[in-house]
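Single-letter residue listing:
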Amino acid sequence: MTDPTVQPLDELIASLTVDVPDHPEPGVLFRDLTPVFADGPAFRRVVEGLAAPQESDPRAAALAASGAGERAFDVVVGVEARGFLLAAAIALDAGVGVVPVRKAGKLPRERIAADYALEYGTATLELHTDSIRPGQRVLVVDDVLATGGTLVAAVSLVEQLGGVVTAVAVVVELAALGGRERLVPHAVHALWTT
């Protein structure tokens, strides 16, 4: 068995991820990351990987250099639901706040909304209007980047409130679905591209 602390991160994620065909509907291959989250050393590496500066992207590197300290972000936004787990862990580790982007009808106070299409339907995301301050540097986190609809909506909400998205970080990118292109000009940091 390979030591999870030395195995390349993309290989580690791939080895622990369970593919579930036809979920949530026929024709969709669901990448179940819960075994990655359940493995302590693997989860630690995923959190560290998602929070890492994106030196390869000049825009993200410039934003990181412009702020105080080594962080490229002041707050972490997590997209419902698995993005919450990741964003909370990253925020705690970095000593910053975490902000949830929720599905419609879940937030109790004044909020803004963005509708989006995903590979198997349509939905709405919402964000409290007081959750992001103008100029605040934001790391947007989710588990999977597929067609990009969910993350485009989340980024739109952050930017409507004046936040500056320094990067979008995901555990898995399904490259064939073209989500990265929909997020241009934002830096996308994927730990495993398949």
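Residues numbered from 1 in each chain as written. Predicted model: local features only at pLDDT ≥ 70, side-chain atom pairs only at ≥ 80, totals over all residues. Heavy atoms only, no water.

J.: How should I be thinking about the environment of Thr 17 in this particular structure?
T.: Tracing the chain through its elements places Thr 17 in the loop between helix 1 (9–16) and strand 1 (18–21). By relative accessible area, which is 11% here, Thr 17 ends up buried. Sequence separation between Thr 17 and Leu 33 is 16 residues, and the spatial gap between their C-alpha atoms is 5.1 Å. What Thr 17 contacts, discounting residues up to four positions off in sequence, is Arg 31, Asp 32, Leu 33, Val 36 and Trp 192. (Helix = DSSP H or I, 4+ residues; strand = E, 2+ residues; numbered from the N terminus. Buried < 20%, exposed > 50% of the residue type's maximum accessible area, 1.4 Å probe, protein only. Contact = heavy atoms within 4.5 Å.)

J.: I keep staring at helix 6 (residues 149–160) and nothing clicks. Help me out?
T.: Turn by turn, an α-helix covers 3.6 residues, leaving residues three or four places apart pointing in a common direction. The end-to-end C-alpha distance of helix 6 is 16 Å, a good match for the 16 Å that 12 residues give at a rise of 1.5 Å each. Every buried residue of helix 6 is listed here: Gly 149, Thr 150, Leu 151, Ala 153, Ala 154, Val 155, Leu 157 and Val 158. The positive-phi residue at the C-terminal boundary of helix 6 is Gly 162, with phi of around 90°. (Expected span 1.5 Å × (residues − 1).)

J.: Looking at this structure, how should I read the nonpolar core?
T.: In a soluble, globular protein the nonpolar side chains are often hidden away together inside. Ranked by size, the top nonpolar core spans 30 residues in total, and within it Ile 13, Val 46, Leu 50 and Val 141 carry the most contacts. Setting aside its immediate chain neighbours within four residues, Val 46 contacts Leu 9, Ile 13, Val 36, Leu 86, Val 171 and Leu 191. Residues Ala 114, Ile 132, Leu 183 and Val 188 belong to the second largest nonpolar core, which totals 27 residues. (Core = buried A, V, L, I, M, F, W, Y, C linked by side-chain atoms within 4.5 Å.)

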